[in-house]
Amino acid sequence: MKTFELNNKQHIPAVGFGVFMIPNDGPTYDATLAALKAGYRHIDTAAGYMNESDVGKAIKDSGIDRQDIFITSKLWLQDYGYENAKKGIENSLRLLGVDYIDLYLLHQPYGDYLGAWKALEEAYEEGKLKSIGISNITVSLWNQFKDGMKVMPAVNQVEFNPFVQQRELRKVMDENHILLEAWYPLGHGNKELLENPVICELADKYHKNAGQIILRWIYQEGVISLPKSTNPERMKGNIDIFDFELNAEEMEKMRALDTGKPTHNPEDSANEVRLSQLKIHD
């Protein structure tokens, strides 16, 4: 597995396995074990996914050394604010069954964001979190929060794929040496994306499928990707992208597919209201 170097010199696998919307108490355990068996070494979960315990059990039962697996999790809105965030971090560590988490993110950009960030910074300094980062942060939101941060985020996890290339955001993140991490890298099964003629033509040329072309392009763009599948063969295929390379002209053809229209707008107040009402514990 190829890796990228973060701004704190830690290394993160270029392709991770996401467990969003996979149920706990069995399905996430099975999927995580299958992903590790397929060769993944980066598992992306979140308190809000409510399946951290299954991820932790699978990692423990995999027989793979803990230091060889990169775990990402995220703090949910309900646990924002300094004191609540300290408890939320400890809860993630407990559920995962580990004494450190490789990357821990603030999941959504609402509420007492900077109070929560302070707790992440302290846990980072204590070694409980090896890297800390942000998620769903736009340029405007970055400008709103950045001056309250002492530790520079290592990543910003956002919607990213050939139709949603986040060009303005990437420029700002690059200036601050913050890597982008892609959720919905395959457009959440978007038929228009996976059947796009440019992508299908490249798939034919390189004897790959459309998803592999997209994930290879994302890798060459210097963006971490988090494809999700519970199909073992598709899991294997999603990391079988390091035996070919798109040329400069092909990269430009892929860049030309950008619509500039993400499906999720973190600045929409309706999203803030909806997400703030989601409770993951009493």
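Residues numbered from 1 in each chain as written. Predicted model: local features only at pLDDT ≥ 70, side-chain atom pairs only at ≥ 80, totals over all residues. Heavy atoms only, no water.

Q: Can you help me understand the environment of Glu 83 in this one?
A: Take Glu 83: it is sitting in helix 3 (residues 82-96). Relative accessible area serves as the criterion here: at 45%, Glu 83 is assigned to the partly exposed category. When the C-alpha positions of Glu 83 and Glu 201 are compared, they lie 53 Å apart, and in sequence the two are 118 residues distant. (Helix = DSSP H or I, 4+ residues; strand = E, 2+ residues; numbered from the N terminus. Buried < 20%, exposed > 50% of the residue type's maximum accessible area, 1.4 Å probe, protein only.)

Q: How should I be thinking about the packing of aromatic side chains in this particular structure?
A: The description of an aromatic ring pair rests on the distance of the ring centres and on the angle between the ring planes. Within the structure shown, the criterion is met by nine aromatic pairs. Pairing Phe 160 with Trp 217 gives two aromatic rings, centres 5.6 Å apart and planes at 10°, and the pair type is stacked. Taken together, the residues span a long stretch of sequence, with Phe 160 in the loop between strand 8 (155-159) and helix 6 (167-175) and Trp 217 in helix 9 (residues 210-220) at a distance of 57 residues. Ring centres of Tyr 219 and Phe 242 lie 5.1 Å apart, and the angle between their planes is 90°; on these two criteria the pair is classed as edge-to-face. Of this pair, Tyr 219 sits in helix 9 while Phe 242 sits in the loop between helix 10 (232-238) and helix 11 (248-255), and the two are 23 residues apart along the sequence. The buried category is assigned to Tyr 219, whose relative accessible area is 18%. Phe 242 sits in the partly exposed class, given a relative accessible area of 26%. (Phe/Tyr/Trp six-rings, centres within 6.5 Å; stacked < 30°, edge-to-face > 60°.)

Q: Looking at this model, I keep getting lost on the packing of helix 1 (residues 27-38) against helix 2 (residues 52-61). Mind explaining?
A: A pair of packed helices can be characterised by two numbers: the angle between their axes and the separation between those axes. Two elements in contact, helix 1 and helix 2, have axes whose closest approach is 8 Å; the angle formed by their N-to-C orientations is 40°. Taken together, the axes of helix 1 and helix 2 are oblique relative to one another. Relative to helix 2, the crossing made by helix 1 is right-handed. In this structure, helix 1 uses Pro 27, Thr 28, Tyr 29, Thr 32, Leu 33 and Leu 36 to contact helix 2, whose residues at the interface are Asp 54, Val 55, Lys 57, Ala 58, Ile 59 and Asp 61. The residue makeup of the contact of helix 1 with helix 2, split by class, is seven nonpolar, two polar and three charged. (Axes fitted to C-alpha atoms, helices over the stretch in contact; angles between N-to-C directions. Parallel < 35°, antiparallel > 145°, perpendicular 65-115°, else oblique. Left-handed = near helix turned anticlockwise from the far one by under 90°. Contact = heavy atoms within 4.5 Å. Nonpolar A, V, L, I, M, F, W, Y, C, P; charged D, E, K, R; others polar.)

Q: What is the right way to look at the nonpolar core in this model?
A: Taken as a class, soluble globular proteins show a tendency for nonpolar side chains to be buried jointly. Judged by nonpolar contacts, the single largest core of 91 residues is most densely connected at Phe 17 and Leu 120. Ignoring anything within four residues of it in the chain, the contact list for Leu 120 reads Leu 75, Ile 89, Tyr 104, Leu 105, Leu 106, Leu 129, Ile 132 and Gly 133. (Core = buried A, V, L, I, M, F, W, Y, C linked by side-chain atoms within 4.5 Å.)

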